[in-house]
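# Coordinates in review
One-letter residues, chain by chain:
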Amino acid sequence: MFDRIAPTYDLANRVLSMGIDTIWRRKALAAIAPVAEGPALDLCAGTLDLTLELLEHGAPSVDALDFSAEMLAHGRPRLPEGAPVRTLQGDAQDLELPDNTYATGLCGFGLRNVPDNRKALSEVFRVLRPGGRFAVLEFFRPVRSDAKAFHAVFNNVVLPTVGGLISGDRAAYSYLADSMVTYLTRADFEATALDVGFELVSGAELLPPVASLVVLKKPVEATS
Ligand SMILES: C[S@@+](CC[C@H](N)C(=O)[O-])C[C@H]1O[C@@H](n2cnc3c(N)ncnc32)[C@H](O)[C@@H]1O
């Protein structure tokens, strides 16, 4: 599905979020600063929005991993020439990456699409260095009534209509809307991360109340 919507993904994102996603992404970067301390991982990297932010904030190198070859292919031309970025096609649930490697990690709006979040979080835990931070931007299943109301209008009306018009693929944007109501709540997600071994640095809703930012840390004393 992401292969299908890759050509119009960036435009649809900017229109649907009215540019607010750029502010959310900067907040995620601020939460894992400084990123200059070592290699960074952009998980479910898509068209490399967060990879570009990581480079801008001084990451010495970035591994950008995504399931969809087309999303990565549409992102690659956006990179500055010679940028220290590897684009890797792979599954977040089974990372072919070495243990204790990354000083920082990010995942922007990707984990909702990954069937087994526990597996993906365990894999991120494994590849992060002890003390490394992992920031997750996501549309968790809302629990508060105002957030539920906002989600209902946005998911059922705005997302399929606007996303469908821009991409020509209404079904894909209906799937994305459905995936938010069937996903974990932020509390469930945080509980899973704690269970895997992460420390919870922070978890908060962003504005408008559709997206959230969760910041996790691999304990300094962790061994794998
Ligand atoms: C909504 S896009 C987000 C892209 C980008 N991170 C951003 O912030 O715009 C979700 C991405 O997750 C990727 N994805 C879905 N399942 C995945 C998996 N199991 N492993 C790796 N990437 C996956 C999709 O291919 C897609 O590019």
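Provided above is the structure to which this section pertains.
Described below are features of the structure shown in this document.

Analysis parameters
- Residues numbered from 1 in each chain as written.
- Predicted model: local features only at pLDDT ≥ 70, side-chain atom pairs only at ≥ 80, totals over all residues.
- Heavy atoms only, no water.
- Axes fitted to C-alpha atoms, helices over the stretch in contact; angles between N-to-C directions.
- Helix = DSSP H or I, 4+ residues; strand = E, 2+ residues; numbered from the N terminus.
- Parallel < 35°, antiparallel > 145°, perpendicular 65-115°, else oblique.
- Left-handed = near helix turned anticlockwise from the far one by under 90°.
- Contact = heavy atoms within 4.5 Å.
- Nonpolar A, V, L, I, M, F, W, Y, C, P; charged D, E, K, R; others polar.
- Expected span 1.5 Å × (residues − 1).
- Buried < 20%, exposed > 50% of the residue type's maximum accessible area, 1.4 Å probe, protein only.
- Arc of directions from axis to C-beta.
- Pairing = 2+ DSSP bridges.
- Right-handed = clockwise from strand over helix to strand, strands pointing away.
- Near = heavy atom within 4 Å.
- Polar contact = N/O pair within 3.5 Å; in protein donor to acceptor, adjacent residues only side chain to side chain.
- Areas by Shrake-Rupley, 256 points an atom, 1.4 Å probe, with all protein chains shown as cover.
- Salt bridge = Lys/Arg side-chain N within 4 Å of Asp/Glu carboxyl O.

### Focus: the packing of helix 6 (residues 117-127) against helix 9 (residues 186-196)
In the contact formed by helix 6 and helix 9, the axes pass within 9 Å of each other and the chain directions differ by 45 degrees. One finds that helix 6 runs oblique with respect to helix 9. Classified by chirality, the crossing of helix 9 by helix 6 is right-handed. From helix 6, Asn117, Arg118, Leu121, Ser122 and Phe125 reach across to helix 9, where they touch Phe189, Thr192, Ala193, Asp195 and Val196. The class makeup of the residues in the contact of helix 6 with helix 9 is five nonpolar, three polar and two charged.

### Quick word on helix 3 (residues 20-31)
With 12 residues, helix 3 extends 17 Å between its outermost C-alpha atoms, agreeing within 8% with the 16 Å of an ideal straight helix rising 1.5 Å per residue. The complete set of buried residues in helix 3 reads Asp21, Trp24, Arg25, Ala28, Leu29 and Ala31. Seen from one end, helix 3 has its buried residues packed into an arc of 160 degrees, which puts them on one side. Opposite the buried face of helix 3, by more than 90 degrees, sit the exposed residues Ile23 and Ala30. On the buried face of helix 3, the contacting elements are helix 2 (9-17), helix 4 (49-56), strand 4 (102-108), strand 5 (128-138) and strand 7 (212-217).

### Concerning the pairing of strand 2 (residues 62-66)
The buried fraction of strand 2 is high, at five of five residues. Of the two faces of strand 2, the one carrying Val62, Ala64 and Asp66 and the one carrying Asp63 and Leu65 are both buried. The pairing of strand 1 (residues 40-43) with strand 2 spans four bridges and is parallel. Bridging across to strand 2, Asp42 finds its partner in Ala64. In this fold, the crossover linking strand 1 to strand 2 by way of helix 4 has right-handed handedness.

### Some thoughts on the sheet that holds strand 2
Pairing in this open sheet of seven strands is mixed, and the strands run 3-2-1-4-5-7-6 from one edge to the other. Taken across any chain shown, the strands that pair with only one partner, and hence form the sheet edges, are strand 3 (85-89) and strand 6 (199-205). If you compare each strand with its neighbour and ignore which way they point, the axes differ by 15 degrees on average.

### Some remarks on the environment of Gly38
Among the secondary structure elements, Gly38 is positioned in the loop between helix 3 and strand 1. The exposure class of Gly38 is buried, given its relative accessible area of 5%. Once the C-alpha coordinates of Gly38 and Gly132 are considered, the two residues, 94 residues apart in sequence, prove to be 9.6 Å apart. Setting aside residues up to four positions removed in sequence, Gly38 forms contacts with Pro60, Ala103 and Arg129.

### Here we look at the environment of Val124
Within the secondary structure, Val124 is located in helix 6. Looking at Val124, the relative accessible area reads 1%, which means it is buried. Separated by 82 residues in the primary sequence, Val124 and Asp42 place their C-alpha atoms 11 Å from one another. In contact with Val124, other than residues within four places in its own chain, are Leu43, Leu95, Phe134 and Phe198.

### A look at the site of the ligand
As a matter of local geometry, the ligand sits amid 19 residues, with Arg25, Cys44, Asp66, Ala92 and Gly108 nearest to it. One nitrogen or oxygen atom from the main chain of Cys44 is found 2.7 Å from a nitrogen atom belonging to the ligand. Coverage of the ligand by the protein chains reaches 96% of its 600 Å² of free accessible surface.

### Digging into the pattern of salt bridges
Counted by the stated rule, this structure contains 16 salt bridges. Between Asp49 and Arg25 there is a salt bridge, with the nearest N and O atoms lying 3.5 Å from each other. One end of the pair, Asp49, is in helix 4; the other, Arg25, is in helix 3, with 24 residues separating them in the sequence. Asp49 sits in the buried class, given a relative accessible area of 10%. Between Arg112 and Glu138 there is a salt bridge; the shortest N-O distance is 2.7 Å. Here the residue Arg112 occupies a position in the loop between strand 4 and helix 6, and Glu138 occupies one in strand 5, the gap between them amounting to 26 residues. For the pair shown, Arg112 and Glu138 are each scored as buried. Bridged by salt links that share partners, the residues Asp10, Arg14, Asp21, Arg25, Asp49 and Arg78 form one connected network.

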